[in-house]
Amino acid sequence: VEQNKVEGKKFTFIDLFCGIGGIRKAFQNAGATCLFSCDKDPFARQTYYANFGVLPYGDITSLSQKKIRIPKHTVLCAGFPCQPFSHIGKREGFSHPTQGTMFYEILKIVERKKPKIVFLENVPGMKNHDQGKTLHVILESLKDLGYECSHAILNSADFGVPQSRKRFYLVGVKSK
């Protein structure tokens with residue numbers, strides 16, 4: 001359904017680990033068109049469907065080029081699981097057996113599709129997790145794929161949202 005909307009659209013994105021659609025809402029408000037969404041949580045998927053009329057694909061680890069065709073897109077958006085990087089969790093990072101490995105699922109898609117922009121969102125603890133080693137892995141991995149990255153911690157309250165919620169944002173722009 002989402003992929004049928006691409007004709008004539010210049011600014012497109014995919015929404016990985018989409019949750020209930022917060023990133024999608026922001027990108028659509030900026031004039032972008034979503035071509036693919038994905039989240040494993042069944043309740044988040046139901047809410048996303050209620051919000052946007054589209055049921056996201058389920059488990060990202062089961063994607064294959066033969067089974068699901070992820071279309072060419074301008075921006076890859078991913079709010080990948082934050083629990084392994086959060087200060088309130090065990091901070092297992094990449095060593096968490098399931099959630100910690102999801103960044104590598106993103107890399108597989110980036111490597112295959114080569115979007116112009118990669119937009120990642122996570123907890124503020126991403127910046128200093130494992131004494132900065134986690135962020136270093138992310139930055140170097142994206143750099144190896146030809147992306148120049150910038151990152152910041154922003155609070156939604158500073159942008160007119162009636163909630164104080166600090167988040168880590170990273171934007172990578174294809175340079176090669």
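Preceding this section is the structure that the text describes.
Residues numbered from 1 in each chain as written. Predicted model: local features only at pLDDT ≥ 70, side-chain atom pairs only at ≥ 80, totals over all residues. Heavy atoms only, no water.

Draft legend 1. Main features of unusual backbone geometry. You will see that Phe 17, though not glycine, has its phi angle at about 55°, which is positive. Secondary-structure assignment places Phe 17 in the loop between β1 (12–16) and α1 (22–29). Phi angles above zero are rare outside glycine, and Lys 114 is one such case at about 50°. Within the element layout of this structure, Lys 114 appears in the loop between α3 (102–113) and β4 (117–122). Its relative accessible area of 49% is what places Lys 114 among the partly exposed residues. (Helix = DSSP H or I, 4+ residues; strand = E, 2+ residues; numbered from the N terminus. Buried < 20%, exposed > 50% of the residue type's maximum accessible area, 1.4 Å probe, protein only.)

Draft legend 2. Molecular detail of the sheet that holds strand β3 (residues 75–78). Sheet architecture is open: six strands sit in the order β2-β1-β3-β4-β6-β5, paired in mixed fashion. Each edge of the open sheet carries a strand with a single partner, namely β2 (33–38) and β5 (147–155). Each neighbouring strand pair of the sheet contributes to a mean axis angle of 15°, computed without reference to strand direction. The pairing of β4 with strand β6 (residues 166–174) spans six bridges and is classified as antiparallel. Bridge pairing links Phe 119 to Val 171 in β6. (Pairing = 2+ DSSP bridges. Axes fitted to C-alpha atoms, helices over the stretch in contact; angles between N-to-C directions.)

Draft legend 3. View of the nonpolar core. Within the largest apolar cluster, 27 residues are counted, with the highest numbers of intra-cluster contacts made by Leu 16, Leu 76, Phe 80, Ile 106 and Leu 120. For this core, the secondary-structure elements that each account for two or more residues are β1, β2, β3, α3, β4, α4 (133–144) and β6. Broken down by element, the residue count for this core peaks at six residues, all from α3. Those residues within four positions of Leu 76 in sequence are excluded, and the remaining contacts are Ile 14, Leu 16, Ile 106, Ile 109, Val 110, Pro 115, Ile 117, Val 118 and Phe 119. With 11 residues, the next largest nonpolar core counts Phe 13, Ile 23, Ala 32 and Tyr 48 among its residues. (Core = buried A, V, L, I, M, F, W, Y, C linked by side-chain atoms within 4.5 Å. Contact = heavy atoms within 4.5 Å.)

Draft legend 4. Structural view of the packing of aromatic side chains. A full pass over the atoms with the stated rule returns seven aromatic pairs. For the ring pair Phe 13 and Phe 27, a centre distance of 5.3 Å and an interplane angle of 40° mean the geometry is tilted. Of this pair, Phe 13 sits in strand β1 while Phe 27 sits in helix α1, and the two are 14 residues apart along the sequence. Consider the rings of Phe 36 and Tyr 57, whose centres lie 6.3 Å apart with planes at 35°: the pair is tilted. (Phe/Tyr/Trp six-rings, centres within 6.5 Å; stacked < 30°, edge-to-face > 60°.)

Draft legend 5. Summary view of the environment of Ala 78. Along the polypeptide, Ala 78 turns up in strand β3. Owing to a relative accessible area of 0%, Ala 78 belongs among the buried residues under this scheme. Between the alpha carbons of Ala 78 and Leu 16 there is a distance of 4.6 Å; along the sequence they are 62 residues apart.

Draft legend 6. A look at the pairing of β1. Among the five residues that make up β1, five are buried, leaving the element largely enclosed by the rest of the structure. Of the two faces of β1, both are covered, the one formed by Thr 12, Ile 14 and Leu 16 as well as the one formed by Phe 13 and Asp 15. As paired elements, β1 and β2 share five bridges and run parallel to each other. The partner of Thr 12 across the bridge, within β2, is Thr 33. Taken together, β1, α1 and β2 form a β-α-β motif whose crossover is right-handed. One ladder, built from four bridges, connects β1 with β3; its direction is parallel. By the bridge assignment, Asp 15 is partnered in β3 with Cys 77. (Right-handed = clockwise from strand over helix to strand, strands pointing away.)

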